[in-house]
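Here is how the chains run, residue by residue.
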Amino acid sequence: MQLPLISKNEPSIRRVFIKVYYSKHNGWPYNHIEHWPPMTYKDRGLPTPEKILNFIELLNTENNDNQSKELQPWLPFCEGKCSFCYFTINCEKDYVIPYILALKKVLNSYSKTNYVRSSIFNELYIGGGSPSVISNEEIVDLLEFCRANFNLNSDHITKFTACTTNLSLEKIKTLSSNNISQLDIGIQTFNDSIRKNLLIRDSGRDAKEKLRLAKKNGLQISIDLLYNLPGQTLDQWLDDIKQAIELEVESVDCYPLDLYPDTTLAKKISTGEIPPINNQEIELKMYLEAYKIFKNNGYHPTCHNRFSRIREDFRKPASEVIGTGAGFFMGHINRFLYSDEEDIQKYILAAENDIFPIARLTNLSKEDEMRKAMMLIYIRVPVNRTSFKREFGKFPEQMFPRTLEKLSKEGLIEVQNGNIQLTEKGDPWRFNIAWEFFNK
Ligand code: SF4
């Protein structure tokens, strides 16, 4: 496969989302809470000819890194669009068959490269969208395809993104009998009046039934909950947490709502049809309450936004994510970060023409790689000073003296046994802390 030609008409990536600034509060180390770290898909550039050439050259080399890796096929389909959702998703069932053909073709092309042939994967993650909308046969076929064409460890784990509206008992049984270890499910809230505002298609009670059914059939459950939703009170948020704990889900990703201007939700709030979201003081209070309650119930903070009781969630995350799909944005191969075409038709067309459907590509400099290594702090993984020096030739404090001194003085990070790590005080500010290494 080739890489895409650069389109001069490529729309500039939408970085605009509603951000409310407040004057600095007493006791706050920053005047607002960041929700995103640096180096996301929002910051990636177009694939220049030089970057494309370097990427192809890299794919022709062997992968000598023996750290954990993730394979991430992406299915952008959903039954309907939730009002807050800013992902590019597709609700047209007619595209499923041609898309899966295209997806398998691109996956196959990656699998034939020297780099991927010499890579061992510890995790298969079927992301999206709501991949559970496709048929049982299509699910089994995709899983078998991935397992046959990539070097997945014999004890690899497989996670699957699902939506409760299409989790029938038959589908749950299919997933469970095909070695899916964990379902990742966007619940957002159990509260029916808020679910209605979010255009979520089933009731909180029905969603809970599906979670129970999946657990009964041996699947681990990780759910997403959103907080600081329009009109949501602290009590309603605490009730969502309580219900998640009562259901004994294995982990909960808690995200503050990010309101994007083009979403149905933002438009309805601007016309007064739906109440506005609270300020960041309340948002912080909601987070701190969640932190306390989850910890008291045996769930510990890990990853970007997760409270978990799954042992594997506390391991160092995958060093590379090799994946593809319309709207896939987590690509990380060696020093390259990439995201694919969002438009499903463009994605299929690229695959049909033997072109890797990459729309954004960043080639990390050595300095970027050092910054990225420091960002482990924000996903609650300690940065070992000695390992950092072994990899980059300098200790972190030689590379980022002022930043580390400032964060340490503020009590947001600490050094323990040669590891630089987040403190409990720093935890709500972890995304702000990540930005400190990037001179935003
Ligand atoms: S189910 Fe998830 S991906 Fe699909 S529209 Fe809703 S929030 Fe977006």
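Note that this is a predicted model, so its numbers are computed, not measured.

Quick look at the overall build of the protein
- Regarding its fold elements, the protein presents 16 helices and 15 strands.
- Here the protein has a C-alpha radius of gyration of 22 Å; the compact-globule value for 440 residues is 22 Å, and the two agree.
- Of all 440 residues assigned to the protein, the portion counted as buried reaches 39%.
- Expressed as a percentage of contacts within the protein between residues at least 6 apart in sequence, the contacts between residues at least 24 apart total 74%.

Digging into the sheet that holds strand S14 (residues 413-416)
- The strand order S13-S15-S14 describes an open sheet built from three strands, whose pairing is antiparallel. Looking at the sheet topology across the chains shown, the edges are occupied by strand S13 (383-384) and S14.
- In terms of strand pairing, S13 meets strand S15 (residues 419-422) through two bridges, oriented antiparallel. Bridging from a neighbouring strand, Asn384 pairs with Asn419 of S15.

A look at the site of the ligand
- All residues in the neighbourhood of the ligand are listed as Cys78, Lys81, Cys82, Cys85, Phe87, Ile89, Gly129, Ser130, Cys163 and Gly186.
- Split by residue class, the shell around the ligand holds six nonpolar, three polar and one charged.

Remarks on the confidence of the model for the protein
- Taken residue by residue, the protein gives an average pLDDT of 93. The fraction at 70 or more is 94%.
- Overall, residues 5-23 carries pLDDT values under 50, and its contacts beyond four positions in sequence, including any with other chains, amount to 22 contacts.

Here we look at unusual backbone geometry
- A positive phi is found at Met39, a non-glycine position, where the angle reads about 65°.
- You can see Met39 is positioned in the segment before helix H1 (49-59).
- In this model, Asn417 sits at a positive phi of 50°, which is unusual for a non-glycine residue.
- Here Asn417 is to be found in the loop between S14 and S15.
- Looking at Asn417, the number of C-beta atoms within 10 Å reads 8, which means it is exposed.

Concerning the pairing of strand S11 (residues 336-340)
- Counted residue by residue, S11 has five buried out of five residues, so it is predominantly covered.
- In this structure, the hairpin formed by strand S10 (residues 331-333) and S11 is closed by a connection of two residues, where Asn334 is found at a positive phi of approximately 55°.
- Bridging between S11 and strand S12 (residues 358-363) involves five bridges; their strand directions are antiparallel. Each residue of the ladder has a partner; that of Asp340, found in S12, is Ile358.

Some details on helix H2 (residues 96-111)
- For H2, spanning 16 residues, the distance from its first C-alpha to its last is 22 Å, which sits close to the expected 22 Å at 1.5 Å a residue.
- Of the residues making up H2, those classed as buried are Tyr99, Ala102, Leu103, Val106, Leu107 and Tyr110. Buried residues of H2, viewed axially, fall in a sector of 135°; they line one side. In H2, the exposed residues that point more than 90 degrees away from the buried face are Ile97 and Leu101.
- Buried positions along H2 lie against strand S1 (69-75), helix H3 (114-117), helix H4 (136-149), strand S9 (320-324) and helix H11 (344-352).

Structural notes on the nonpolar core
- By size, the foremost hydrophobic cluster in this structure holds 88 residues, and its most contacted members are Leu183, Ile221, Ile223, Leu225, Tyr227 and Val252.
- In terms of residues, this core owes the most to one element, H2, which gives six residues.
- Not counting residues up to four positions away in its chain, the partners in contact with Leu183 are Phe160, Ala162, Leu175, Ala214, Leu219 and Ile221.
- One finds Met370, Leu407, Ile413 and Ile420 within the second-largest nonpolar core, a separate group that totals 15 residues.

Examining the domain arrangement of the protein
- Taken domain by domain, the protein holds domain 1 (46-363) and domain 2 (366-436).
- With centres defined by C-alpha atoms, the gap from domain 1 to domain 2 works out at 27 Å.
- With 11 residues of domain 1 in contact, the opposing surface of domain 2 contributes six residues.
- The set of elements that each furnish at least two residues to the side of domain 1 that touches domain 2 consists of helix H10 (280-296) and strand S7 (300-302).

Regarding the environment of Met286
- By the secondary structure assignment, Met286 is in helix H10.
- With sequence-adjacent residues up to four places away left out, Met286 is seen in contact with Tyr227, Asn228, Leu234 and Trp237.

Description of the environment of Leu219
- The topology assignment puts Leu219 in the loop between helix H7 (204-216) and strand S5 (220-227).
- Residue classification places Leu219 among the buried residues on the basis of 22 C-beta atoms within 10 Å.
- For Leu219 and Ser181, which are 38 residues apart along the polypeptide, the C-alpha to C-alpha distance reads 5.8 Å.

Quick word on the packing of H4 against helix H5 (residues 169-177)
- Where H4 meets H5, the axes come as close as 10 Å, and the angle between the chain directions of the two elements is 15°. If you check the angle between H4 and H5, you find them roughly parallel. Helix-helix and strand crossings are classified by hand; for H4 and H5 the assignment is right-handed. Where H4 approaches H5, its residues Asn136, Ile139 and Val140 are matched on the opposing element by Glu170, Lys171 and Thr174.

Considerations on helix H8 (residues 234-246)
- Taking 1.5 Å per residue as the helical rise, H8 with its 13 residues ought to reach 18 Å, and the 18 Å between its terminal C-alpha atoms agrees with that figure.
- Those residues of H8 not exposed but buried are Trp237, Asp240, Ile241, Gln243 and Ala244. End-on, the buried residues of H8 take up no more than an arc of 160°, which puts them together on one face. Residues of H8 that are exposed and point more than 90 degrees away from the buried face comprise Asp235 and Glu246.
- On its buried face, H8 sits against S5, strand S6 (251-256) and H10.
- Backbone geometry just downstream of H8 places Glu248 in the positive-phi region, at approximately 60°.

Rules behind the numbers
Every chain's residues receive numbers from 1 upward, in the order its sequence appears when written. Thresholds applied to this predicted model are a pLDDT of at least 70 for local features of residues and 80 or more for the giving and counting of side-chain atom pairs; totals over whole chains, interfaces and linings are not thresholded and use all residues. A run of DSSP states H or I qualifies as a helix once it reaches four residues; a run of E qualifies as a strand once it reaches two. Both are numbered from the N-terminal end. Each radius of gyration is computed over the set of C-alpha atoms, and the globule rule expresses the reference value as 2.2 Å times the number of residues to the power 0.38. Here exposure depends only on C-beta density: within 10 Å of a residue's C-beta, 20 or more other C-beta atoms make it buried, 12 or fewer make it exposed, and intermediate numbers make it partly exposed, the C-beta atoms being placed from the backbone. What counts as a contact here is a pair of residues whose C-beta atoms, placed from the backbone, lie within 7 Å. The pairing criterion is simple: DSSP has to find at least two bridges between the two strands. Any residue whose backbone-placed C-beta atom lies within 6 Å of a molecule or strand is treated as near that molecule or strand. All residues other than Ala, Val, Leu, Ile, Met, Phe, Trp, Tyr, Cys, Pro, Asp, Glu, Lys and Arg, Gly among them, are scored as polar; the first ten of these are nonpolar and the last four charged. Every residue carries a pLDDT, the predictor's confidence in it, which falls somewhere between 0 and 100. The span you would expect from a helix comes to 1.5 Å times its residue count less one. Each C-beta atom gives one direction from the helix axis, and the arc is the one those directions make. Each nonpolar core reported here comprises buried Ala, Val, Leu, Ile, Met, Phe, Trp, Tyr and Cys residues connected via C-beta atoms within 7 Å. The split into domains, and so the bounds of each, comes from an automatic or database assignment of domains. Inter-axis angles, ranging from 0 to 180 degrees, are taken between N-to-C directions of lines fitted to C-alpha atoms, where helices are fitted over the stretch in contact. To sort the angles, those under 35 degrees are grouped as roughly parallel, those over 145 as roughly antiparallel, those from 65 to 115 as roughly perpendicular, and the leftovers as oblique. Crossing chirality is assigned from the near helix's rotation relative to the far helix, an anticlockwise turn below a right angle marking it left-handed and a clockwise turn marking it right-handed.

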